[in-house]
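What follows is each chain in one-letter form.
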Amino acid sequence: MSDDLIALEEEEHTSPLTGAVFQRIVGLLRPHWKMVIGFLVTIACVSVMDSLFTYINKSMIDQGIMLKDVNALWRLATIYGVFQIIQAGLVFVFIYMAGVLGERVQYDLRKLMFEHLQELSLSYYSQNAVGRLMARVTSDSGRVADLITWGMLDTTWAIMNITTGTIFMMIINWRLGLIVLMALPILMIIAVEFRKRILIQFRLSRRANSKITGAHNENIQGVRIVKALGREDENLREFQELTDTMYNASYRAAWLSALFLPTVQIITAVALGSIVWYGGIQAHQGLLTIGGIHAFVSYLTFIMWPVQDIARVYAEMQHAIASAERIFKLVDTPPEVHNKPNAIDAQTLMGRIEFENVNFYYEDRKPVLQDFTLSVEPGEMIALVGPTGGGKSTIVNLLCRFYEPTEGLIRINGRDYTDYTLHSIHDKIGIVLQTPHLFSGSVRENIRYGRLNASDADVEDAAKLAGADEFIVKLEKGYEQNVGEGGNLLSVGQKQLISLARAVLAKPELFIMDEATSSVDTLTEALIQKGMEHLMAGRTSFVIAHRLSTIKRASRIVVIENGRIAEMGTHAELLHRQGHYYRLYTQQFKFQREQEYSVAAMVPLPAD
Amino acid sequence: MATLAPTQTTPPTYFDFRAALNANRLVGLWRMMTGFHWQYSGAVFSLAVSALAKTATFLLLRYFVDGVMTEAAVGGGLSAEASRNLMMIAGGFVLLSLFEGGFAFISGRLAAYTAESITRRLRNFLFDHIQRLSFSYHSTTPTGDLIERVTSDVDALRRFFSEQAIGVGRIILLFFINFIAILNLNWTLGWVSIIAIPPILVVSLWFFKKVTTAYEKYQEQEAALSTTLQENLTGVRVVKAFARQDYEKKKFEKVNWEKYLRGKILLLMHSLFWPLSDIVLGFQMLGGFIFAATMAIRGEITVGTYLAYVGLVVWLIWPIRNLGRLIVQTSTGMVSYGRLMEITKQAREPLTDGKVHPEAPVKGEVVFDNVSFMYSDGKTDVLKDISFTVHPGQSVALLGSTGSGKTSLVNLLPRFHEYTSGRILLDGIELKDYPREYLRRQMGIVEQEPFLFSRSIRENICYGVGHTVSQEELERAARAAAIHDMILTFPDGYNTVVGEKGVTLSGGQKQRVTIARTLLKNPRILILDDSTSSVDTETEAEIRQALYDLMQDRTTFIIAHRIQSVMNADLIVVLDKGEIIQMGTHEELLAQDGMYRKIYDIQTRVDDELAQEIQNSEV
């Protein structure tokens, strides 16, 4: 819903066409220039053919009927028939070429953006909501593709029609031609004004529609509260305000559209009346034939209708250009974290990892991490504990080199880690996130994400080691079970187990885990603990820890508060100190144990 | 132009669409238009006038050519009469086009008025209807499905009324009016001109059905592309951490390319259908021209007739393919009607029905007398023979594990569900005799992690309170709920919007907003859900105090599974598998050897363990 609103907001932006943007838009067509030429030539031919049909009709009257020449009639009819077939061929070519080109440009743009998005750093993602990026790839690309195919086609067709129509009219009678040409600009202005107004109402109605969907959504999700508080009448009253807005905008858009065509028609009719009146006089003076008058009337509609196409393209063009600018801005953004020119591959991460006076700020200069220094020996397990927002996630993000320190250094094997290639670092990291992220597809595919060339047996072994095998085999289709969009057909605990298995399969040298805060059932919890234990054996690991068992297992505990290390040491040392850690631990201990026990106490059926 | 349609008086914004339920969908759709039949007929009538004006234009052209041009041409020179005639004809053309355009506009406006008005009241009705459906309907119907129906299907019906029904009518009217006009010009010519119509109509119907299917496939792929994209963007940390950029690119390439291919198929279908049918229709036109021209040469018809024919026949032939398209589309409207009526025919929860209609608030004595409850499938016993009594102002704690029936039990009180057997008495009167509306006014529910609406905090606190709340009153309630200070730290204070577009509240904060709301509502009976506890201990004491204050002088039901939250209750009911296994006060239950004591012992055990643990660490 909110994605929808974002897309709507952006749609309201317009941009004038500048040379630079125009060049880049045209540049999108360069690889497909044959298609472009192809459909532009065919649509121009279609337009010329259309005026020829009218001219043949005129000749049929003047040379066939008026002169009572049956032979001429049949000769013209044959030409008409042949032209009809050629015309059909042309129509086939332009629909297919313009359409396929539109699909192709959209495909190209989407590919370009997607591939660039893969290279962009995490900081870009934290500044741009997913909904916005989605709109960029899905709708902006479509709008640009439409402009440079159908928009260009309509414009070419319209210009050709107006030109050929005018030429033919001038040939038949130039005085009448001038009358028509005078009406043209008036029509153009009216058409553009109409289009703009219709577009505004249309957007208003879509905005209202989006709000209506939101209201429905909330009222259904919160129906228990609505009922409990007896707020039905008030809700309906509020909802009616939304539907009223929607009604007003849609109704206005609809009747403006209904008014548009008749207006064009009436202006055309005035021109037509003048032709009849003036043409009648001319005909009497032998300056105009009956067929000529008839052809004139046809050419009139011939050049009046394209005007509305130009108006439509013009009204939509400015929005499409704004879309194009947003697309170009995305693909022009350089990734913040990138390889240095002489970056080398890291051979191993199983060395000493040192944070040296690391400071980290986001753009707003609010310090997130200050003067952070920590040296970790290979094989150590570091538990990061402390309140939310203290900076634990930032440490992990820096370690993964999703971000780089604003000041200070991170060394791996004694070398600044920015000297290494990004890929060689990421390749050796295994990560399990707090809210596990799965992709649509089977359980097997999701585990294999950890190592793409792993055999089925490897996948299953990894699942066994992570403790995930037990529940997977119980699924209806086992490893082939579909996990649903984002894994939402599985429980949180199951998703965690799968993401553990995925990390196990990756055989990382450095393991990073952000433990989930939400509780899972005791059995799953035990399985997760076992899986983690296995993953940490013989590896350096960093865990943002919430569970007592995890914390106690750590070789060192680092308490982070307000972006600084508040305390550091082993479990025993820190408890002894009776400081921050002591408070955190006792509080967590009571909470967790009580929950474990009270749940456990209620499970067995009492004998009495 | 505002006077053209009856917009001066606001159209009715509410209509009970249960009156439009009918096994015959066409009858149903007709009934949906109740109150707008005249306007819609007006739209169709105006269409006919507009079409007639168009036809008349061509007949005037015929008169112009035959009566003025040829005659004058023969006479040589332009007589005064002919000149006047010419003026009148020119004027006639303008007048006719004013008629044509004017009535086309009236028709469009009336159709839009009808369609938009029907849609508005349909939206209002569905919104209201859905919020009044029973609790069990909501718990079994997925939100996504309902949303889909109230958005897409409503829009499909809007298009049915605004475009499709009227569009079909327009094409048929145009066809018959022009066909009759041509028949009047010349009988044979008329029949010759429509030879290709039936086959083209059949082919169009077939084609647009196929295209609809192909288009759905294309849209499916677009949805698949969106999903892939969204999963990639939200999972960016996973993608990066596993260095799977290339893999992701390939995955996206696959769906992107497949969408391109499906688009190509769709385009191929269109690029074959339109020119091929162009040929057929073009030759039909040409055949008619030759036939008519031959007749004109033979002198069987005049030149003017020929010209009129050429103009009229266009409106006979070319709109036929669109008729095919519109007819196929109306079937979507029919399907949507069916899908919406499935919701419409669900029975509402009667809010005001009841044998007693008390004015004053209840005192709050609740008696459960052998109450059992099972879901409508009739299989699972959720509650069995529950009996206990709570006096006004007392508190009763329900203790039990997940699935023991605690929540189902309290859901019976506001009559979200109806008990299957036994009796629940409130102040001595059976619950079923009270109107639901009254009962719910007497009760306040505070959930552990309540649902808040994406409106301002002020609106959330005042939501459903039922009377206007002054700022002073609001702040007093917020202070009592220990949330006032927190609210002041938000960017817009009480006007800060909750949710995606504003602040995200923690579970404890949401709960306190609900406590403030309940304080304002001031109900006699309170239902508290305290079944899980957050780690947020700093505020726990504050919440406890707020809850304690809230419970004063109210009959309170507490759902819990920790001893701490039930100790002070006047009555503790321990539930297991829908049955009461223990009941009494804290002291009484401690004296018994049962589950309650088992749970109680845990607390002491935890304290001992912690002491032990700390001692162990003293190396």
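Residues numbered from 1 in each chain as written. Chains lettered and ligands numbered in written order. Predicted model: local features only at pLDDT ≥ 70, side-chain atom pairs only at ≥ 80, totals over all residues.

Asker: Looking at this structure, I do not really get the overall build of chain B. What am I missing?
Answerer: Check the secondary structure of chain B and you find 20 helices and 10 strands. Taken against the 2.2 N^0.38 rule, which gives 25 Å for 619 residues, the C-alpha radius of gyration of chain B at 37 Å runs more than 25% over that of a compact globule. In terms of its C-alpha atoms, chain B occupies a principal-axis envelope of roughly 125 × 65 × 50 Å. Taken over 619 residues, chain B has a buried fraction of 42%. At a minimum sequence separation of 6, the contacts of chain B that also span at least 24 residues come to 80%. (Helix = DSSP H or I, 4+ residues; strand = E, 2+ residues; numbered from the N terminus. Rg over C-alpha atoms; globule rule 2.2 N^0.38 Å. Buried ≥ 20, exposed ≤ 12 C-beta atoms within 10 Å, placed from the backbone. Contact = placed C-beta atoms within 7 Å.)

Asker: Got a minute to help me understand the overall build of chain A in this structure?
Answerer: Scanning chain A for helices and strands turns up 20 helices and 10 strands. Relative to the globule expectation of 25 Å for 608 residues, the C-alpha radius of gyration of chain A, 36 Å, shows a markedly less compact shape. Over its C-alpha atoms, taken along the principal directions, chain A stretches across nearly 120 × 70 × 50 Å. Taking all 608 residues of chain A together, 45% fall into the buried category.

Asker: Explanation requested: the domain arrangement of chain B in the structure shown.
Answerer: Think of interface size as the accessible area that goes away when the parts come together; that is how it is often given. What the domain assignment lists for chain B is domain 1 (13–185 + 317–349), domain 2 (353–442 + 524–619) and domain 3 (445–522). Measuring from the centre of the C-alpha atoms in domain 1 of chain B to the corresponding centre in domain 2 of chain B gives 60 Å. (Domains from an automatic or database assignment.)

Asker: Can you walk me through the confidence of the model for chain B in this structure?
Answerer: Low-pLDDT portions of the prediction should not be read for the details of their coordinates. All names here are of chain B. Per-residue confidence for chain B gives a mean pLDDT of 87, with 93% of residues at or over 70. Segment residues 1–8: pLDDT under 50, and seven contacts once partners within four positions in sequence are set aside and those in other chains are kept. Predicted complex metrics record ipTM = 0.87 and pTM = 0.83. (pLDDT = per-residue confidence, 0-100.)

Asker: Help me out: how do you make sense of the nonpolar core in this one?
Answerer: One recurring pattern in soluble globular proteins: nonpolar side chains tend to sit buried together. One finds L384(A), L500(A), A501(A) and L398(B) to be the most contacted residues of the largest nonpolar core, which totals 333 residues. Per-element accounting of this core gives the leading share, 21 residues, to helix α10 (residues 290–332) of chain A. Apart from the residues within four sequence positions on either side, L500(A) is in contact with V432(A), A466(A), A468(A), I528(A), G531(A), M532(A) and L535(A). (Core = buried A, V, L, I, M, F, W, Y, C linked by C-beta atoms within 7 Å.)

Asker: Please clarify how the environment of L398(B) should be interpreted in this entry.
Answerer: Residues and elements named next belong to chain B. Along the chain, L398 turns up in strand β3 (residues 395–399). Residue classification places L398 among the buried residues on the basis of 28 C-beta atoms within 10 Å. Each C-alpha atom of the pair L398 and V606 lies 23 Å from the other, and the pair is 208 residues apart in sequence. With near-sequence residues (within four places) excluded, L398 lies in contact with K406, L409, F557, I558, I559, A560, V573 and L575.

Asker: It is not clear to me how the sheet that holds strand β7 (residues 510–514) of chain A should be interpreted in this structure. Could you clarify?
Answerer: Neighbouring strands of a sheet are bound in pairs by backbone hydrogen bonds; such pairs are parallel or else antiparallel. Residue and element names in this part refer to chain A. Here six strands make up an open sheet; going across it, the order is β6-β7-β8-β3-β9-β10 and the pairing mixed. Looking along the sheet, the strands with just one partner apiece sit at the ends: β6 (429–432) and β10 (564–569). The average undirected angle you get between the axes of adjacent strands in this sheet is 15 degrees. In terms of strand pairing, strand β3 (residues 381–385) meets strand β9 (residues 556–561) through four bridges, oriented parallel. (Pairing = 2+ DSSP bridges. Axes fitted to C-alpha atoms, helices over the stretch in contact; angles between N-to-C directions.)

Asker: How do you make sense of the interface of chain A and chain B when you look at a structure like this?
Answerer: Each side of the interface is counted separately: chain A has 119 residues, and chain B has 127 residues. Considering only residue class, the side of chain A that touches chain B consists of 67 nonpolar, 36 polar and 16 charged. (Nonpolar A, V, L, I, M, F, W, Y, C, P; charged D, E, K, R; others polar.)

Asker: Got a minute to help me understand the domain arrangement of chain A in this structure?
Answerer: All names here are of chain A. As assigned here, chain A comprises domain 1 (2–332), domain 2 (344–428 + 510–518 + 541–601) and domain 3 (434–507). The distance between the C-alpha centroids of domain 2 and domain 3 comes to 26 Å. Contact with domain 2, which involves five residues of that partner, is made by four residues of domain 3. A per-class count over the side of domain 2 that touches domain 3 returns two nonpolar, one polar and two charged.

Asker: Could you clarify how one ought to interpret unusual backbone geometry in this entry?
Answerer: The bulk of non-glycine residues show a negative phi, and the bulk of peptide bonds are trans. For R401(A), which is not glycine, the phi torsion reads 60 degrees and is therefore positive. For R401(A), the position within the fold is in the loop between α11 (392–399) and β4 (407–412). Note on R401(A): 22 C-beta atoms within 10 Å, which makes it buried. In the Ramachandran plot, D553(B) falls in the positive-phi region, its phi being about 65 degrees despite a non-glycine side chain.

Asker: What am I meant to see in the environment of V94(B) here?
Answerer: On the secondary structure map, V94(B) appears in helix α3 (residues 80–131). With 18 C-beta atoms counted inside 10 Å, the residue V94(B) sits in the partly exposed group. Setting aside its immediate chain neighbours within four residues, V94(B) contacts A269(A), V270(A) and G273(A).

Asker: Hey, could you run me through the sheet that holds strand β1 (residues 353–361) of chain A in this one?
Answerer: Residue and element names in this part refer to chain A. On the basis of which strands lie adjacent, the open sheet formed by four strands has the order β2-β1-β4-β5 and antiparallel pairing. Bordering the open sheet on either side are β2 (367–376) and β5 (415–416), each of which pairs with just one other strand. Here β1 pairs with β2 via six bridges, running antiparallel. Its bridge partner being in β2, Y361 is matched across the sheet by P367.

Asker: Help me understand the pairing of strand β9 (residues 571–576) of chain B, please; the structure alone is not making it clear to me.
Answerer: Regular strands show a simple pattern: their side chains alternate between the two faces of the sheet. Residue and element names in this part refer to chain B. The pairing of β3 with β9 spans four bridges and is classified as parallel. Pairing of V396 across the sheet is with L571, part of β9. Both β9 and strand β10 (residues 579–584) contribute to a ladder of five bridges, which runs antiparallel. What sits directly across from I572, in β10, is G584. Count of turn residues in the β9/β10 antiparallel hairpin: two residues, of which K577 carries a positive phi of about 50 degrees.

Asker: Explain the packing of helix α2 (residues 19–29) of chain A against α10(A) to me, please; I cannot follow it from the model alone.
Answerer: Between two packed helices, what matters for the description is the angle formed by their axes and the separation of those axes. Residue and element names in this part refer to chain A. Interhelical geometry of α2 versus α10 gives an angle of 80 degrees and a closest axis separation of 11 Å. The angle between the axes of α2 and α10 places the two elements in the roughly perpendicular class. On the side of α2, the interface is formed by V21, R24 and I25, while α10 contributes I321, A324, E325 and F328. Within the contact of α2 with α10, the residues separate by chemical class into five nonpolar, no polar and two charged. (Parallel < 35°, antiparallel > 145°, perpendicular 65-115°, else oblique.)

Asker: Help me understand the confidence of the model for chain A, please; the structure alone is not making it clear to me.
Answerer: Here chain A averages 86 in pLDDT, and 94% of its residues register 70 or above. Contacts from residues 603–608 of chain A, a stretch scored under 50 in pLDDT, to residues over four places away or in other chains number five contacts.

Asker: Just to check I follow, could you spell out the packing of helix α3 (residues 33–65) of chain A against α10(A) for this structure?
Answerer: Residues and elements named next belong to chain A. At a minimum axis distance of 8 Å, the contact between α3 and α10 shows a crossing angle of 160 degrees. In terms of their interaxial angle, α3 and α10 are classed as roughly antiparallel. The two elements α3 and α10 meet at a crossing, and its hand is right-handed. Residues D50, S51, T54, Y55, N57, K58, S59, I61 and D62 of α3 form the contact with α10, whose participating residues are I290, G291, G292, H294, A295, S298, Y299 and F302. (Left-handed = near helix turned anticlockwise from the far one by under 90°.)

Asker: Please explain the pairing of strand β7 (residues 525–530) of chain B as it appears in this structure.
Answerer: All names here are of chain B. Most of β7 sits inside the fold, with six of its six residues counted as buried. Residues I525, I527 and D529 of β7 are buried on one face, and the alternating residues L526, L528 and D530, pointing to the opposite face, are buried as well. Here four bridges tie strand β6 (residues 443–446) to β7, and the two strands are oriented parallel to one another. Its bridge partner being in β7, I445 is matched across the sheet by I527. Sheet topology note: the β7/strand β8 (residues 555–560) ladder contains six bridges and is parallel. Of the residues in β8, the one forming a bridge with I525 is T555.

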